[in-house]
Amino acid sequence: MFDIFDEPLASRVTNWINERPYPEGLMHTFGLFGSSYVFPTNPQALADVLSMHAYDYVKPTGFKRYTVRFWGHGIVSQEQEEHKQHRKTYLPVFSQQNVSRLKGILSRKSMQFVDHIADLCTQEQSWDPSCTPTAVVNITETVAKVSLDVTGIISLGVDFETILGNHQEVFKAHEMLFTSTSEKKLLFLLFDIMPPWLLNILPSQVTKRLDGAHETLVKVCRRVIRERLTQLERGEPQPLDFLTNLVKTDSFSEDAAIAQIVVILGAGYYHPCPVLFREGKKF
């Protein structure tokens, strides 16, 4: 399981699979308590699973238990006809034409990102007469904030402005749900190999923190959705975000929309190298 979470892209599992010939392109293995895994073993099978027939494959039960509990039942855990139906609601939002409409907003977020890095570098600069000014800046948090702001715009039509220091409770919940840690990898393993009734009676601090983070995001999304629905009813002009597009369909449901939005917020999460080293000229 830890090999599967190896970075980047589970290279150890990839190398292990590539050393073994499987003519049909898929290897199906079974674990404890009925857990199961499907590994694509050639390029055609990989394209089939990830692209051409992605929604035809049944997700592993452990994966579904984990994602549904902490992210909601969104497109990540949906499959077959349900996945196919909801996938269509994403396409207009991520079309090239709609992305072009967002260039102004995305450009402003880029400038906020650069300004924030410049401010951090100014605060962290060390002065040594024998060398040029330098600064060591933790960029992981900064990139995560601007990513959350962008996905908030795309999914809800709302800029959380976490890069400017606003809505930090949203950012902390987002980090809790989507940051990779050894504790969460172990929890995922337990969800994969243990029956649900046993998971429910075992005390776990990380589970409580994940539940709390999910509850925070759900409350925020519910409040924003209701505010945006009021704006749409008034006929106020709005960019084509995921929520606006979803409201136009006949299948709009607040709870279902929240699950899809949480997935979009998580899809934008990025975990780069721990620090950025800036050397040379002052900002």
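Located above this text is the structure these notes cover.
Residues numbered from 1 in each chain as written. Predicted model: local features only at pLDDT ≥ 70, side-chain atom pairs only at ≥ 80, totals over all residues. Heavy atoms only, no water.

Digging into the packing of helix H3 (residues 61-71) against helix H9 (residues 182-193)
Packed helices, taken two at a time, are described by the angle their axes make and the gap between the axes. Note the threshold: Structural elements are reduced to axes, namely lines fitted to C-alpha atoms, with helices fitted over the stretch in contact, and the angle between N-to-C directions of any two is expressed from 0 to 180 degrees. Here a helix means four or more residues in a row that DSSP labels H or I, a strand means two or more in a row labelled E, and each is numbered from the N terminus. Note that the term roughly parallel is reserved for angles under 35 degrees, roughly antiparallel for angles over 145, roughly perpendicular for angles of 65 to 115, and oblique for everything else. Each helix crossing is assigned a hand: it is left-handed if the near helix lies turned anticlockwise from the far helix by less than a right angle, otherwise right-handed if that turn is clockwise. Here, residues are in contact when the closest pair of their heavy atoms is within 4.5 Å.
Relative orientation of the contacting elements H3 and H9 amounts to 125 degrees, with a least axis distance of 7 Å. Comparing their axes, H9 and H3 come out oblique. Taken as a pair, H3 and H9 cross one another with a handedness that is right-handed. Packed against H3, whose contacting residues are Gly62, Phe63, Arg65, Tyr66, Arg69 and Phe70, the element H9 presents Lys184, Leu187, Phe188, Phe191 and Asp192 at the interface.

Some remarks on the side chain of histidine 174
Topologically, histidine 174 is positioned in helix H8 (residues 168-178). Not counting chain neighbours up to four residues away, the residues in contact with histidine 174 comprise Leu148, Leu265, Gly266 and Tyr269.

Digging into a nonpolar patch on the surface
Heads up, the condition is: To count toward a patch, a residue needs a relative accessible area above 30% and no salt bridge. Like charges then connect within 9 Å, nonpolar side chains (Val, Leu, Ile, Met, Phe, Trp, Tyr) within 5 Å. Accessibility throughout is a Shrake-Rupley quantity obtained with a 1.4 Å probe, and a residue counts as covered only by protein chains that appear here. Salt bridges are defined by distance alone: a side-chain nitrogen of Lys or Arg within 4 Å of a carboxyl oxygen of Asp or Glu. For every residue, the accessible area (1.4 Å probe, protein chains only) is compared with the maximum for its type, and the residue is labelled buried under 20%, exposed over 50%, or partly exposed between those bounds.
Taken together, Trp197, Ile201 and Leu202 make up a surface patch of nonpolar side chains, about 360 Å² in accessible area. Residue placement: isoleucine 201 occurs in helix H10 (residues 196-201). Taking the relative accessible area as the measure of exposure, isoleucine 201 reaches 58% and is therefore exposed.

Some details on the packing of aromatic side chains
To keep things clear, this is the line we draw: Working definition: a ring pair exists when centres of Phe, Tyr or Trp rings (six-membered ring for Trp) sit within 6.5 Å. Plane angles under 30 degrees give stacked, over 60 give edge-to-face, the rest tilted. Lysine and arginine charges are scored as sitting over a ring when NZ or CZ, respectively, is within 6 Å of the ring centre and within 35 degrees of the ring normal.
Evaluated as defined, the whole model comprises seven aromatic pairs. Their ring planes at 45 degrees and their centres at 5.4 Å tell us that tryptophan 71 and phenylalanine 178 sit as a pair that is tilted. Of the two residues, tryptophan 71 is situated in helix H3 and phenylalanine 178 in helix H8; the sequence distance between them amounts to 107 residues. By the burial criterion, tryptophan 71 is buried, and phenylalanine 178 matches it. Counting every residue linked through ring pairs, the aromatic cluster contains Tyr66, Phe70, Phe188 and Phe191. In this structure, lysine 145 is placed above the aromatic ring of phenylalanine 171, and the distance from its NZ or CZ to the ring centre is 5.3 Å.

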